[in-house]
Amino acid sequence: MIRSVVRGSGSALPRRVVTNAELAERVDTSDEWIVERTGIRQRYIAEDDETTSSLAIDASRKALEAAGLEAKDIDLIVLATATPDQTFPATATLVQHALGCNGGIAFDVAAVCSGFLYALASADSMLRTGMAKRALVIGSETFSRILDWEDRTTCVLFGDGAGAIVLEVQDVAEDGPGVLASKLHADGAHNELLYVDGGPSTTQTVGKLRMKGREVFRHAVVNLAAVLEETLAEAGFTPDDIDWVVPHQANARILDATARKLGLPAEKVIVTVDRHANTSAASVPLAFDAGVRDGRIKPGDLVMFEAMGGGFTWGASLVRL
Ligand code: UT7
């Protein structure tokens, strides 16, 4: 069977850690509120010299090293971000040039927190239809640049970072590795619940993130449970078959609620929201790389990726390692 197989992963975080206590000095919040409502204890915030592209380049180099490949082996780069270095060209082209693999395909995907799922499914389709052989699929964000640092309802929730995986098209056995099923969705009716209040075509400013968190939370739990069931059904598996769920890290309570709905034990869920906070498109590959590098996620494991975010957009992918 022709499948896209994960060959390696890598991740990158900014140098600076910002604790809840530090944020409590800037806005009317507390470590206790943030931990209880979100599970977040700290986040990484980019300095001026750390950008979406620099974090993506760092994560990509580590993913290539883990895969035992060189940049010249890559002919497709799909980078998910809502915080590109420039309005254009795509940040993927900056990464391509820095790595030194010019000439293949490189583009960005804008699906906010679900961006990595959209990027993974796009790269998988392109690999299986023969448009490329090896892809870097990246999620990279500097959400700290679009936060309103006076709005306590949003500024405590997000962080910066990047994660990347290398996908390679291979002819494998039916029970072999690879992306087994992906499901993506969008519903543009909910723009006002999660959006950025600026953009080149409207305000000619970058804008700041605005969110009605409680409503987003409600939609997230329902949509995620549905897309997980849909993806499992497509691949012919049940929740019991899953070794690891690698979810978008928005809120520990969303992770718990989604796992409960599926009847999955909490021990099967990779959680990094306490350390990384919500890094939007970077959160799934950052969490995946953390689970691989600490030895929990192993070759042969059945791994479910899932995310939901602005748009709304949401999706899931089931992958055999
Ligand atoms: O990644 C994209 C998808 N995003 C998400 O999935 C986010 C989903 N939403 C959430 O994670 C949660 O809704 C939040 C963490 C954003 C908020 O938690 P909540 O339990 O839904 O709280 P809430 O918004 O209902 O606010 C409860 C109270 C409010 O005060 P009143 O109106 O009850 O007096 C807020 O003003 O908490 C207050 N509050 C805060 N207090 C201290 C809001 N933010 C803070 C804060 N510190 N940082």
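Residues numbered from 1 in each chain as written. Predicted model: local features only at pLDDT ≥ 70, side-chain atom pairs only at ≥ 80, totals over all residues. Heavy atoms only, no water.

S.K.: Describe the nonpolar core, and please don't skip the residues or the numbers.
M.R.: Of all hydrophobic cores here, the largest spans 41 residues; its most connected members are F158, L209, M211, M304 and F312. The set of elements that each furnish at least two residues to this core consists of β10 (209-211), α7 (213-235), α8 (252-262), β12 (302-309) and β13 (313-320). Considering every element that reaches this core, the biggest residue donor is α7, with seven residues. Two domains each donate at least three residues to this core, and these are domain 1 (2-171) and domain 2 (178-320). Within the second largest apolar cluster, 33 residues are counted, among which are A80, V284, A287 and F305. (Core = buried A, V, L, I, M, F, W, Y, C linked by side-chain atoms within 4.5 Å. Buried < 20%, exposed > 50% of the residue type's maximum accessible area, 1.4 Å probe, protein only. Helix = DSSP H or I, 4+ residues; strand = E, 2+ residues; numbered from the N terminus. Domains from an automatic or database assignment.)

S.K.: Describe the site of the ligand, with residues and values.
M.R.: The ligand sits among 23 residues. The nearest are T29, R37, R214, N251 and N278. The fraction of the free accessible surface of the ligand (960 Å²) that becomes covered by protein chains is 77%. A molecule is said to occupy a pocket when more than half its atoms come within 2 Å of that pocket's grid points, and by this definition the ligand occupies the second largest pocket. At the level of elements, α2 (31-38), α6 (152-155), α7 and α8 are the ones that each hand at least two residues to the shell around the ligand. The element best represented in the shell around the ligand is α7, accounting for four residues. Partitioning the shell around the ligand into residue classes produces 11 nonpolar, seven polar and five charged. Counting contributing residues, the shell around the ligand receives three or more from each of domain 1 (2-171) and domain 2 (178-320). (Near = heavy atom within 4 Å. Areas by Shrake-Rupley, 256 points an atom, 1.4 Å probe, with all protein chains shown as cover. 1 Å grid on protein atoms, 1.4 Å probe; cavity = no way out; pocket = protein on both sides within 12 Å on 5 of 7 lines; lining within 4 Å. Sits in = over half its atoms within 2 Å of the grid points. Nonpolar A, V, L, I, M, F, W, Y, C, P; charged D, E, K, R; others polar.)

S.K.: How would you sum up the sheet that holds β13? Please name residues and give values.
M.R.: Strands sit in the order β8-β13-β12-β11 across an open sheet of four strands; the sheet is mixed. Strands with a single pairing partner mark the edges of an open sheet, and in this sheet they are β8 (178-186) and β11 (244-247). Averaged over all neighbouring strand pairs, the angle between strand axes comes to 15°, with direction disregarded. Of the pairings in the sheet, the one linking β11 to β12 comprises four bridges and is parallel in character. Across the sheet, residue W244 finds its bridge partner in β12, namely V303. Relative to the sheet, helix α5 (residues 115-128) contacts β8, β12 and β13, its axis offset from that of β8 by approximately 125°. Contacts from helix α10 (residues 283-293) reach β11 and β12, with the element oriented near 145° to β11. (Pairing = 2+ DSSP bridges. Axes fitted to C-alpha atoms, helices over the stretch in contact; angles between N-to-C directions. Contact = heavy atoms within 4.5 Å.)

S.K.: Go over the domain arrangement of the protein, please, and point to the residues and values.
M.R.: Taken as a whole, the protein is organised into domain 1 (2-171) and domain 2 (178-320). Inter-centroid distance (C-alpha atoms) of domain 1 to domain 2 is 14 Å. If you look at the interface, domain 1 gives 54 residues, while domain 2 gives 48 residues. When domain 1 packs against domain 2, the two sides together hide about 3800 Å² of surface, and 64% of this comes from carbon and sulfur. Across the domain 1-domain 2 interface, the total number found is one salt bridge. For R210, the salt bridge identified is with D148, shortest N-O distance 2.9 Å. If you look at where domain 1 meets domain 2, you find 21 residue pairs in polar contact (both at pLDDT 80 or more). No other element matches the eight residues that strand β1 (residues 2-12) contributes to the side of domain 1 that touches domain 2. By residue class, the composition of the side of domain 1 that touches domain 2 is 25 nonpolar, 17 polar and 12 charged. (Buried area = accessible area lost by both parts, 1.4 Å probe. Salt bridge = Lys/Arg side-chain N within 4 Å of Asp/Glu carboxyl O. Polar contact = N/O pair within 3.5 Å; in protein donor to acceptor, adjacent residues only side chain to side chain.)

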